[in-house]
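Reading the structure
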Amino acid sequence: MPRPVPGPGALVSYIQTGARDARIAYRELPDHERLAYRDTVSRVYDKAVVYHFGTSPTDDQLFDFMDIVAARHPHYAGGVRRVLRAEGGPGGGMSPRQVLTAQHLVIREIAKLHPGFRSRAERIVESAAKKLVPAVSSASDWDLGHEFTGHDAQYVVSLTLGLDGRLLDLELLRGVERMGGHSISKAVIRAWVVAEKQRWARAKELGVHDAFPEIGSGKGGGDSYRCEAYSTTRLVRATVDRYGRVRDLTFMRTTLFGDDGRHGLTTEIREAVLGAQGSLTDSC
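In this report, the structure presented in the accompanying data block is examined.

1. Quick word on the pattern of salt bridges
- Applying the stated criterion across every chain, the model contains 14 salt bridges.
- For the salt bridge of arginine 262 with glutamate 177, the shortest nitrogen-to-oxygen distance reads 3.4 Å. Here glutamate 177 lies in the loop between strand 3 (167-172) and helix 10 (181-206) and arginine 262 lies in helix 11 (residues 261-282), a separation of 85 residues in the sequence.
- Using a relative accessible area of 16% as the deciding quantity, one classes arginine 262 as buried.
- Here the residues in one salt-bridge network are Glu196, Arg199, Asp241, Arg245 and Arg247, joined through shared partners.

Set out below in structure tokens:
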């Protein structure tokens, strides 16, 4: 049997057959398509849970279902439990790949219990995926015009995010040289929040890259999953959450500004943030 083509078609195949090759086919997708696939699975998962449990499942219903999955997949029982009960916030500290695996298993088990859901798999996945497939020729065309810039109150940091939350640009502006590492870190995070609020609102409007909880809403609270990376010289360590949003910048030395001044530190911060976001994508 040929390997399933990665993407929504593979998800349909997994729902219908339970084949492992179909479940893991998404790992061969390019980065931006893998992120879109993650959102598609999340939408299908939500539909499947409501289909089986309704909108307000009882603890007994959840435990009975978890027992069924645990009997079939004992190695993944803990992940399924944490996803279904949202223990520790979205993902419960699990990596994006662990969350995806648990969501896949829940979807498949519900499909086995409900022939009607299984027979409608193609339509369900198509409905979940079509919001994430723009009618343009390439991802770069889609991103064009969807950039969101924010700055801190003192205007010493300016940064730009893409629609998918990736850092596109970051600048440290005049005056930053008088600040210490802790203050610079706070300024970057504040600028990020301003840009992310714009990005989130537009993503919800378009129905694309809209799976992130609204920043500041508390809906992502308790999720301990983080990715981090260092800049090339290891001066800066950036920490991002599972949505790629900067949660912390740590400066490993007290001397922040070398011969290149703020421009050199700008490069270091960019490298660290992009590295952390890249690690996050690799963990999907």
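2. Section: the nonpolar core
- Counting 35 residues, the largest nonpolar core has Ile15, Val44, Leu84, Val106, Ile107 and Phe117 as its most contacted members.
- The greatest single-element share of this core, amounting to eight residues, is contributed by helix 6 (residues 96-113).
- The residues contacting valine 106, other than those within four sequence positions of it, are Tyr45, Val49, Phe65, Val80 and Leu84.
- Counting residues in hydrophobic clusters, the runner-up holds 31 residues, among them Leu172, Val188, Ala195 and Ala238.

3. Side note on the sheet that holds strand 3
- On the basis of which strands lie adjacent, the open sheet formed by three strands has the order 1-2-3 and antiparallel pairing. At either margin of the open sheet sits one strand with a lone partner, and together these are strand 1 (147-151) and strand 3. In this sheet, neighbouring strand axes are inclined to one another by 15° on average, regardless of whether the strands run parallel or antiparallel.
- Two strands pair when backbone bridges link them, and strand 1 and strand 2 (residues 157-162) are joined in this way by five bridges, in the antiparallel orientation. By the bridge assignment, glycine 150 is partnered in strand 2 with leucine 159.

4. Focus: the packing of helix 1 (residues 8-17) against helix 8 (residues 121-129)
- Interhelical geometry of helix 1 versus helix 8 gives an angle of 145° and a closest axis separation of 9 Å. Between helix 1 and helix 8 lies a crossing of right-handed hand. Between helix 1, through Pro8, Leu11, Val12, Ile15 and Gln16, and helix 8, the contact on the second element is made entirely by Ala121, Glu122, Val125 and Ala129.

5. Quick word on the packing of helix 4 (residues 59-72) against helix 5 (residues 77-85)
- Put simply, helix 4 and helix 5 touch, their axes get as near as 9 Å, and they point 155° apart. Put simply, helix 4 runs roughly antiparallel to helix 5. Here helix 4 runs over helix 5; the crossing is right-handed. Contact with helix 4, carried on its side by Asp59, Leu62, Phe63, Phe65, Met66, Val69 and Ala70, involves Ala77, Val80, Arg81, Leu84 and Arg85 of helix 5 and no other residues of that element.
- Its residues assigned to classes, the contact of helix 4 with helix 5 comprises nine nonpolar, no polar and three charged.

Quick notes on the rules
- Residues numbered from 1 in each chain as written.
- Predicted model: local features only at pLDDT ≥ 70, side-chain atom pairs only at ≥ 80, totals over all residues.
- Heavy atoms only, no water.
- Salt bridge = Lys/Arg side-chain N within 4 Å of Asp/Glu carboxyl O.
- Helix = DSSP H or I, 4+ residues; strand = E, 2+ residues; numbered from the N terminus.
- Buried < 20%, exposed > 50% of the residue type's maximum accessible area, 1.4 Å probe, protein only.
- Core = buried A, V, L, I, M, F, W, Y, C linked by side-chain atoms within 4.5 Å.
- Contact = heavy atoms within 4.5 Å.
- Pairing = 2+ DSSP bridges.
- Axes fitted to C-alpha atoms, helices over the stretch in contact; angles between N-to-C directions.
- Left-handed = near helix turned anticlockwise from the far one by under 90°.
- Parallel < 35°, antiparallel > 145°, perpendicular 65-115°, else oblique.
- Nonpolar A, V, L, I, M, F, W, Y, C, P; charged D, E, K, R; others polar.

Without other data, these values stay purely geometric and don't point to any function.
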